[in-house]
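This is what each chain is made of:
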Amino acid sequence: MSLDSHGPAPCDDADGHLVTAGPLTPPPDSAGTVADEKALRHSVAEDVQGMILATLVASLGLAIFAKGGLMIGGMAGLAFLAHYAFDWNFGLVFVLVNLPFYWVAVRRMGWEFTLKTFAAVTACGALTDLLPRWADFAHIAPLYSALVGGALAGLGILFYIRHRASLGGIGILAVYLQRTRGWSAGKVQMSFDTLLMCVAFFVLSPSQVMYSAIGAVVLSLVLMFNHRPGRYMGV
């Protein structure tokens, strides 16, 4: 399943708490000074290797989710539901459902973030589809799929964040609505994911939905414990 693009301070929700824009698209870290940003900015080579590692880790997590018949929140979750319900190609649906959000990303985050995010979504979707051809799993228990898939997907997203990218999705829109209308980005993201999980009951079994929710929580915890603006200042 992010974000005026280089604002000096992170945004807060209605209660004054720091918002990370939902599990799939937290806003980028903000540096203390212009000098700090210049000194700590990733080189092109660092960005390339970071994006490659992020794609490898995130796609493996998503592939493990798919093998377990589970889903996560955000646009990745919507793509999983379409895949399970209609046997549509996950990677293609994942790319298509993210297209409307790039307009918001350009306006709020700039072209660099948007292009990196487009590359991340496309590469991750394609690799998630290709992985079963290269490494087939005979059996994965649902709980293992939820825990390990959620952890790996969370780590991959964390890598993307640290190189000013994301896996797109509703989080970009959530931050846009918070900054333009004052809506809580976290609540918007949570509302969408809750609705998605409710729809999932029409496609998946109750146990699959339960394990999917566990995976989504694990993913969020990985980001909550590791993505803290001010602690990691690479941009």
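Quick caveat, the model's predicted, so the values are computed rather than measured. (Residues numbered from 1 in each chain as written. Predicted model: local features only at pLDDT ≥ 70, side-chain atom pairs only at ≥ 80, totals over all residues. Heavy atoms only, no water.)

### Here we look at the overall build of the protein
Line of reasoning, step 1. A count of helices and strands for the protein gives ten helices and zero strands.
Line of reasoning, step 2. Put simply, the protein runs from its N terminus to its C terminus through helices and strands in the order α-α-α-α-α-α-α-α-α-α.
Line of reasoning, step 3. Taking all 235 residues of the protein together, the buried fraction comes to 50%.
Line of reasoning, step 4. Surface summary for the protein: the accessible area is close to 11,000 Å², and the carbon and sulfur share equals 68%. (Helix = DSSP H or I, 4+ residues; strand = E, 2+ residues; numbered from the N terminus. Buried < 20%, exposed > 50% of the residue type's maximum accessible area, 1.4 Å probe, protein only. Areas by Shrake-Rupley, 256 points an atom, 1.4 Å probe, with all protein chains shown as cover.)

### Observations regarding helix H8 (residues 170-181)
Line of reasoning, step 1. For H8, which comprises twelve residues, the first-to-last C-alpha distance of 16 Å matches the rise-based estimate of 16 Å (1.5 Å per residue) to within 8%.
Line of reasoning, step 2. Where H8 is concerned, the buried positions are Ile170, Gly171, Ile172, Ala174, Val175, Tyr176, Leu177 and Gln178. (Expected span 1.5 Å × (residues − 1).)

### Considerations on unusual backbone geometry
Line of reasoning, step 1. Despite not being glycine, Asp87 shows a phi value in the positive range, around 60°.
Line of reasoning, step 2. On the secondary structure map, Asp87 appears in the loop between helix H3 (74-86) and helix H4 (90-98).
Line of reasoning, step 3. The phi torsion at Arg164 lies on the positive side, around 55°, for a residue other than glycine.

### Here's the deal with the packing of helix H5 (residues 101-109) against helix H6 (residues 111-134)
Line of reasoning, step 1. Their axes nearest at 7 Å, the elements H5 and H6 cross at an angle of 145°. Mapping the contact onto sequence places Tyr102, Ala105, Val106 and Met109 in H5 and Trp111, Phe113, Thr114, Thr117, Phe118 and Val121 in H6.
Line of reasoning, step 2. Of the residues that constitute the contact of H5 with H6, the class distribution is eight nonpolar, two polar and no charged. (Axes fitted to C-alpha atoms, helices over the stretch in contact; angles between N-to-C directions. Contact = heavy atoms within 4.5 Å. Nonpolar A, V, L, I, M, F, W, Y, C, P; charged D, E, K, R; others polar.)

### Section: the confidence of the model for the protein
Line of reasoning, step 1. Taken residue by residue, the protein gives an average pLDDT of 82. The fraction at 70 or more is 80%.
Line of reasoning, step 2. Within the protein, no element has a lower average pLDDT than helix H1 (residues 34-40), which sits at 54, and none a higher one than H4, at 96.
Line of reasoning, step 3. Low pLDDT (under 50) marks residues 1-23, which in the prediction has 82 contacts with non-local residues, meaning those over four places away or in another chain.
Line of reasoning, step 4. Confidence over residues 25-36 falls short of pLDDT 50; this stretch has 45 contacts with residues more than four positions distant or in other chains. (pLDDT = per-residue confidence, 0-100.)

### A word on the pattern of salt bridges
Line of reasoning, step 1. What the rule picks out here adds up to three salt bridges.
Line of reasoning, step 2. Asp47 serves as the salt-bridge partner of Lys116, at 2.9 Å between the closest nitrogen and oxygen. In this pair, Lys116 is assigned in helix H6 and Asp47 in helix H2 (residues 44-67), connecting sequence segments 69 residues apart. Each member of the pair Lys116 and Asp47 is classed as buried.
Line of reasoning, step 3. One salt bridge connects Glu112 with Lys116, and the closest N-O pair in it is separated by 3.0 Å. Of this pair, Glu112 and Lys116 are both found in helix H6, four residues apart, which corresponds to roughly one turn of the helix.
Line of reasoning, step 4. For Glu112, a relative accessible area of 38% translates into the label partly exposed.
Line of reasoning, step 5. What makes Lys116 buried here is its relative accessible area of 14%.
Line of reasoning, step 6. Overlapping salt bridges, with partners in common, bring together Asp47, Glu112 and Lys116 in one network. (Salt bridge = Lys/Arg side-chain N within 4 Å of Asp/Glu carboxyl O.)

### Some points on the packing of aromatic side chains
Line of reasoning, step 1. Evaluated as defined, the whole model comprises five aromatic pairs.
Line of reasoning, step 2. Measuring from centroid to centroid gives 5.6 Å for Tyr102 and Phe118, while their planes differ by 75°, and the two rings are edge-to-face. Taken together, the positions of Tyr102 in helix H5 and Phe118 in helix H6 put the pair 16 residues apart, joining distant regions of the chain.
Line of reasoning, step 3. What links up through ring pairs into an aromatic cluster is the set Phe80, Tyr84, Phe90 and Phe94. (Phe/Tyr/Trp six-rings, centres within 6.5 Å; stacked < 30°, edge-to-face > 60°.)

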